[in-house]
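Below are the chains, spelled out letter by letter.
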Amino acid sequence: MRDYTQRLLQSWTRIPEEDIAPSRERLLDYYQRGEPYTDYNLDIEGEGWFWVGVANPDHRGTAAASACSAYGIWAERSETPVGQPLAVSPQTLAEAAYEWLPLPQTSISLSPDADRPQVVNLPTWIWQDTAAISEVSATAILDVLGLEVTTTAVPGALTLDPGTEDATLHPADGRCILNPDGTIGLPWTPAHEGETPPCGITCHRATPGTSTP
């Protein structure tokens, strides 16, 4: 932490003194002058470490990322800071792994086919007749605490979004639950003429200037 602080102060040398002086003094008070830490806790080095908030790079600029504390909090080894809800734990590691889950690609079939634009008031059947969507997983590791958490997502539904209020979803919530065999919906055949698809969209108004129903 001492080395990190020194590097940080060095990076501030190009900032006008009147702008940086208050921040520099608060930083030195906090880690070096006993408010609350004295000389970066070097007298108990090896017994613990400072925990510092690190923003998720995928969320920089957001309010949640800005909430990370700029100052470190001391905790003994193998422990997390008391009263810090965002301190790394199996739960937070699992949530981090979830952030980085690779989303599986979905290949669906349509009837009427997508090459027939502006079909209105006719249900578009949507299906995937092979179990092509498999589970995905990601692992987050914090070596210093010996924590390793793997988050696994098992496909459960395909969610439809028509992009317009002038449409009816089938089913009404737009969630096409996967069939027991891992497929989605039901392929359209002439035998289904006039039926409501188990997975599909009915558009009620054409959208001029576009090539999608």
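Everything here concerns the structure above.
Here is a short report on the structure shown in this document. (Residues numbered from 1 in each chain as written. Predicted model: local features only at pLDDT ≥ 70, side-chain atom pairs only at ≥ 80, totals over all residues. Heavy atoms only, no water.)

**Let's talk about the packing of aromatic side chains**
Argument step 1. The final tally for this structure, using the stated rule, is eight aromatic pairs.
Argument step 2. Taking 6.0 Å as the distance between ring centres and 15° as the angle between the ring planes, the aromatic pair formed by Y31 and Y40 counts as stacked.
Argument step 3. Residue class for Y40 comes out buried when judged on its relative accessible area of 8%.
Argument step 4. Plain terms: the ring middles of Y37 and F50 are 5.0 Å apart, the flat faces sit at 85° to each other, and that makes the pair edge-to-face. Residue Y37 is located in the loop between α2 (17-31) and β1 (48-51), and its partner F50 is located in strand β1; the two are separated by 13 residues in the primary sequence. Here the two residues Y37 and F50 agree in accessibility, since each one is buried. (Phe/Tyr/Trp six-rings, centres within 6.5 Å; stacked < 30°, edge-to-face > 60°. Buried < 20%, exposed > 50% of the residue type's maximum accessible area, 1.4 Å probe, protein only. Helix = DSSP H or I, 4+ residues; strand = E, 2+ residues; numbered from the N terminus.)

**Some remarks on the nonpolar core**
Argument step 1. Counting residues in hydrophobic clusters, the biggest one holds 12 residues: I126, I133, L158, L160, A167, L169, C176, L178, I184, C199, I201 and C203.
Argument step 2. Among the secondary structure elements, those contributing two or more residues to this core are β8 (167-170) and β11 (200-203).
Argument step 3. Filtering out sequence-adjacent residues up to four positions away, A167 remains in contact with P162, I201, T202, C203 and H204.
Argument step 4. Grouped together as the second largest cluster of nonpolar side chains are 10 residues, W12, L27, F50 and W74 included. (Core = buried A, V, L, I, M, F, W, Y, C linked by side-chain atoms within 4.5 Å. Contact = heavy atoms within 4.5 Å.)

**Concerning the environment of E25**
Argument step 1. As for its placement among the helices and strands, E25 is situated in helix α2.
Argument step 2. You can call E25 partly exposed: its relative accessible area is 30%.
Argument step 3. Within polar-contact distance, the side chain of E25 engages the side chain of R33 at 2.8 Å. (Polar contact = N/O pair within 3.5 Å; in protein donor to acceptor, adjacent residues only side chain to side chain.)

**What to know about the state of the cysteines**
Argument step 1. For the coordinates displayed, the defined rule picks out one disulfide.
Argument step 2. Note on cysteine connectivity: C176 is disulfide-linked to C199, with sulfurs 2.1 Å apart. Its S-S torsion of approximately 90° makes the covalent link between C176 and C199 right-handed. Here C176 is found in strand β9 (residues 175-177), whereas its partner C199 is found in the loop between β10 (184-185) and β11, with 23 residues between them in sequence.
Argument step 3. On the basis of relative accessibility, which here comes to 3%, the residue C176 falls in the buried class.
Argument step 4. Among the cysteines around C203, which has no disulfide bond, C199 carries the closest sulfur, lying 13 Å off.
Argument step 5. Residue C203 is classed as buried on the basis of its relative accessible area, which comes to 8%. (Disulfide = S-S within 2.5 Å.)

**Looking at the packing of helix α1 (residues 2-11) against α2**
Argument step 1. Packing of α1 against α2 leaves a shortest axis separation of 11 Å and a crossing angle of 175°. Taken together, the axes of α1 and α2 are roughly antiparallel relative to one another. Contact with α1, carried on its side by T5, L8 and L9, involves R24, L27, L28 and Y31 of α2 and no other residues of that element. (Axes fitted to C-alpha atoms, helices over the stretch in contact; angles between N-to-C directions. Parallel < 35°, antiparallel > 145°, perpendicular 65-115°, else oblique.)

None of this, on its own, says anything about what the molecule does.
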